[in-house]
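Architecture at a glance
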Amino acid sequence: EVQLQASGGGLVQAGGSLRLSCTASKFPSDDYAIGWFRQAPGKEREGVSCIGSSGGRTYYAESVKGRFPISVDTAKSTVYLQMNSLKPEDTAVYYCAVHVGKSWLVHFPESNEYNYWGPGTQVTVSS
């Protein structure tokens, strides 16, 4: 019942920046978290970042910590991923997803804990 739309991907040179947006038809009324995942060709999907209800808590993969701050605008039902100092290994399709529950209070929810997924947006970083 929650529809998601990711945008902001594109082609950028190494060292550049992009800002991804994930807009939801609505945010759940109960506890929830919005996560960003990525998948490169031939690779498994991996978690990138996650933010809890009202920005209560954030999580980051070690590979992006310090480079990709996540934020939320509740009024616009939108989550942002600011991608800085991009590297070629960041090239992937990026997906946003909604987790409904409270597990984010204690850990970074794993992919199988998310209830809704949106289509991906392609990010390509050239050398």
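See above for the structure.
What comes next concerns the included structure.

Calculation rules
Residues numbered from 1 in each chain as written. Predicted model: local features only at pLDDT ≥ 70, side-chain atom pairs only at ≥ 80, totals over all residues. Heavy atoms only, no water. Helix = DSSP H or I, 4+ residues; strand = E, 2+ residues; numbered from the N terminus. Rg over C-alpha atoms; globule rule 2.2 N^0.38 Å. Buried < 20%, exposed > 50% of the residue type's maximum accessible area, 1.4 Å probe, protein only. Polar contact = N/O pair within 3.5 Å; in protein donor to acceptor, adjacent residues only side chain to side chain. Contact = heavy atoms within 4.5 Å. Disulfide = S-S within 2.5 Å. Phe/Tyr/Trp six-rings, centres within 6.5 Å; stacked < 30°, edge-to-face > 60°. Lys NZ or Arg CZ within 6 Å of the ring centre and 35° of its normal.

With that settled, consider the overall build of the protein. Within the protein, the secondary structure is distributed over zero helices and eleven strands. The linear arrangement of helices and strands in the protein, starting from the amino end, is β-β-β-β-β-β-β-β-β-β-β. Over its C-alpha atoms the protein spans a radius of gyration of 14 Å, differing by no more than 12% from the 14 Å that the globule rule assigns to 127 residues. Dimensions of the protein, computed from the C-alpha atoms along their principal axes, are close to 45 × 25 × 25 Å. Counting all 127 residues of the protein, 43% fall into the buried class.

Tracing the backbone shows S53 in the loop between β5 (46-52) and β6 (58-60). Within polar-contact distance, the side chain of S53 engages the backbone nitrogen of Y32 at 2.8 Å. If near-sequence neighbours (up to four positions away) are discounted, S53 is found in contact with D30, D31, Y32 and W104.

Attention shifts here to the state of the cysteines. Counted by the stated rule, this structure contains one disulfide. Here C22 is linked by a disulfide to C96, with a sulfur-sulfur distance of 2.1 Å. Measuring the twist about the S-S bond at about 70 degrees, one finds the C22-C96 disulfide to be right-handed. With C22 in strand β3 (residues 18-24) and C96 in strand β9 (residues 92-100), this pair connects stretches of sequence that are 74 residues apart. For the pair C22 and C96, a shared accessibility class is recorded, and that class is buried.

The next subject is unusual backbone geometry. Of note in this structure, S77 is not a glycine but carries a positive phi near 50 degrees. Within the secondary structure, S77 sits in the loop between β7 (70-73) and β8 (78-83). Using a relative accessible area of 15% as the deciding quantity, one classes S77 as buried. Phi is positive for S85, close to 50 degrees, though the residue is something other than glycine.

Further remarks concern the side chain of S103. Topologically, S103 is positioned in the loop between β9 and β10 (116-117). Residue S103 is classed as buried on the basis of its relative accessible area, which comes to 18%. Engagement of the side chain of S103 in a polar contact is seen with the side chain of H99, the distance being 3.0 Å. For S103, the residues in contact, after removing those within four places along its chain, are P109 and E113.

The tally for this structure, following the rule as stated, stands at five aromatic pairs. A centroid spacing of 5.1 Å and a plane angle of 35 degrees characterise the contact between F27 and Y32, whose relative ring orientation is tilted. Across the pair, Y32 and F27 agree in class, each one buried. R45 extends its terminal NZ or CZ atom over the ring of W117, reaching a point 4.2 Å from the ring centre.

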